[in-house]
Structures are given as structure tokens and as C-alpha cells.
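The lines below spell out each chain.
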Amino acid sequence: MKTIYICSDTITGIFSGIYDAWKAGKTEQDCGITFLGAVEQELFCDYVEVEESERKAQAVERLIRKHMGMHAYWDIFHAVLSPDRDKGNAVLGTMMAARKLPDGRKIMDHLSHPMVEKVFELSRTVAGEAHLLKGFLRFQELESGILYAQITPKAQVLSCLAPHFEDRLPNENWMIHDKSHRMFAVHEAGKHWVLVLDEYWNEDRLLPVSEKEKEYTKLWKNFCQTIAIQSWMNPRCQMQHLPLRFRPNMTEFQ
């Protein structure tokens, strides 16, 4: 009978489920991972709720790093952050496929395996979303002096973004609010960032922005209206962004 391990949609939950399946000596065909609140009952399956713990998650992390290498570890890490409901099975199947190889570190080269291919695709999608947010995320200064930013990502990318901004803003107090997953990445000046659930979030108390931030916002809006839009409407300006062979005779704009 196939055993389905039920866990939370977190790194700790998924890795704890994988730990239990691995320790039970299961194969890829007779086990699976599903999430609390999203269980779809199947015939001839035994459902087991996972007892989640950091100890189990860390053991799986060490296993991946040691036997599959850092390249596979980062692909798996990003895949676990995906919103895809089948990501647990993809990671579990990839790890079990790696166990059959003489060198498990080459597992991500085996894209013909459907689970490996899925992990690769999920990882690429999550990493791409995180990369875009690193470039477009903007902080506002609150009255309290804290730098605050809101995002609504598809994936749980806070653990990808926080190290990036900790490196660039090590002496600032800042927080990034993931409204999609109701979580915060919180950084206190000079310390390491942490993840916090937003169940104690008091929006009315924290959100008022500083007078300086209001002035910056006003200046930015004026810039967009008086500079960017005029440049967009200016044919001469636009022609500068076209290759020479595609530029029309500029005399027609005179």
C-alpha cells in the first residue's frame, strides 16, 4: 500500500516528510508527499501526518549537500519555495533517483527523469521571480525610521531576498512583507535577518510613512509625468534606441 506523508507547505515540513519516507525505506512508487489542507484522498493509500522538526529537516539538508552536491541543493531549495502543489513529490523522486546513481552529484544532469526535470523547472521559475524582485523591490521609510517594502510573490521568496538586502543594507532596520504568504523578513541593524509570521501585524500603527518619504514619492511622480512621458512621446528620443538600419528619415519629424 502506498504511504502518503502529510506535512505543512514549508521547508521544515517537506524535509521532515522526506526524512520519514527515507527512513522507512520507501521507494518512489510506494510513497508521496501532500500538504495539510490540500489532501485529496486516493484509494489504496495510507495517510500519515508527519511529526515535523528542525532535526529531521537538517538531517535531510546534510544528506543532500553531502551526496548530491551544492548545485542540486540549491535547485531543491528553490523548488521547495514554489507554489506548485506537487513539489514535494518532485523533490522526493529526485532524491530517490539520485540514490540509484553511482555519483549522486550528477543527478541534475538527468533531465530525462520526470521528477528531476520538474525540480529543475520549478527552481528556474522561483529563482527568476526572486531575481526580478531584487531589482524592482523598493523600500519606503516609515515614521519609525524602519525601511518597509511590500511584495505579493507567487513563490515563498523571502529567504532568497533577505540575504541579498542584508548584504546591501547591513546597518539599516528593514522589513519585507510577503502579503501572499503572510510572512515578514525582518532585519535589525547589525544583526541577521529572521522570518516572522504576520499574525501580529498592526498595519495602522506601522504603515504611516515619514515626511521625507512623502517628498521623495512626490518628486518621483513629478519626474514620471514631466520627463519620462515626454521622452516617450518624443519621436527623436525614441529613434535613438533603434538600430541605424531601422531608423526612418529624421527629416519627417522636423
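These remarks concern the structure in this document. (Residues numbered from 1 in each chain as written. Predicted model: local features only at pLDDT ≥ 70, side-chain atom pairs only at ≥ 80, totals over all residues. Heavy atoms only, no water.)

### Some details on the overall build of the chain
Looking only at helices and strands, the chain features eight helices and eight strands. When contacts within the chain are restricted to residue pairs at least 6 apart in sequence, long-range pairs at least 24 apart make up 65% of them. Carbon and sulfur atoms make up 54% of the accessible area of the chain, which amounts to about 15,600 Å² in all. (Helix = DSSP H or I, 4+ residues; strand = E, 2+ residues; numbered from the N terminus. Contact = heavy atoms within 4.5 Å. Areas by Shrake-Rupley, 256 points an atom, 1.4 Å probe, with all protein chains shown as cover.)

### Focus: helix 2 (residues 54-80)
Helix length check: helix 2 (27 residues) gives 16 Å between terminal C-alpha atoms against 39 Å at 1.5 Å per residue, more than 12% under. When the local axis directions of helix 2 are compared, the greatest deviation, roughly 125°, occurs at Gly-69. (Expected span 1.5 Å × (residues − 1). Bend = angle between axes of the 7 residues up to and from the residue.)

### Structural notes on the pairing of strand 7 (residues 183-187)
Side chains on a regular strand alternate between the two faces of the sheet. Taken across its five residues, strand 7 has four buried, putting it largely inside the fold. Two strands pair when backbone bridges link them, and strand 6 (residues 174-178) and strand 7 are joined in this way by five bridges, in the antiparallel orientation. In the sheet register, His-177 faces strand 7, and the bridge partner there is Phe-184. Joining the antiparallel neighbours strand 6 and strand 7 is a turn of four residues, in which Arg-182 adopts a positive phi near 55°. Of the strand pairs in this sheet, strand 7 and strand 8 (residues 194-197) are connected by four bridges, and their pairing is antiparallel. Its bridge partner lying in strand 8, Ala-185 is registered against Leu-195. Between strand 7 and the antiparallel strand that follows it, strand 8, lie six residues; Gly-190 among them carries a positive phi value of about 80°. (Buried < 20%, exposed > 50% of the residue type's maximum accessible area, 1.4 Å probe, protein only. Pairing = 2+ DSSP bridges.)

### Regarding unusual backbone geometry
Even without glycine at this site, Arg-182 takes up a positive phi of about 55°. By the element assignment, Arg-182 lies in the loop between strand 6 and strand 7.

### Quick look at the nonpolar core
Nonpolar side chains in soluble globular proteins tend to end up buried together. The biggest cluster of nonpolar side chains holds 55 residues, and the ones touching the most others in it are Phe-15, Ile-76, Trp-174 and Ile-176. Of the residues forming this core, the biggest block, ten residues, is contributed by helix 2. Once residues lying within four places of it in the same chain are set aside, the contact partners of Phe-15 are Lys-56, Ala-57, Val-60, Glu-61, Ile-64, Ile-76 and Val-80. (Core = buried A, V, L, I, M, F, W, Y, C linked by side-chain atoms within 4.5 Å.)

### Here's the deal with the environment of Thr-125
Looking at where Thr-125 falls in the secondary structure, it is placed in helix 4 (residues 114-136). With relative accessibility at 56%, the residue Thr-125 sits in the exposed group. As a C-alpha pair, Thr-125 and Ala-155 span 30 residues in sequence and 8.9 Å in three-dimensional space.

### Describing the packing of aromatic side chains
Overall, the coordinates contain six aromatic pairs when judged by the stated rule. On the basis of an interplanar angle of 85° and a centroid distance of 5.3 Å, the ring pair of Phe-139 and Phe-165 is categorised as edge-to-face. Taken together, the residues span a long stretch of sequence, with Phe-139 in the loop between helix 4 and strand 4 (140-141) and Phe-165 in helix 5 (residues 158-168) at a distance of 26 residues. Residue Phe-139 is classed as buried on the basis of its relative accessible area, which comes to 14%. Each residue in the set Tyr-73, Trp-74 and Phe-77 is aromatic and connected to the rest through ring pairs, giving one cluster. Here Arg-65 stacks its cationic end above the ring of Tyr-73, 4.3 Å away from the centre of that ring. (Phe/Tyr/Trp six-rings, centres within 6.5 Å; stacked < 30°, edge-to-face > 60°. Lys NZ or Arg CZ within 6 Å of the ring centre and 35° of its normal.)

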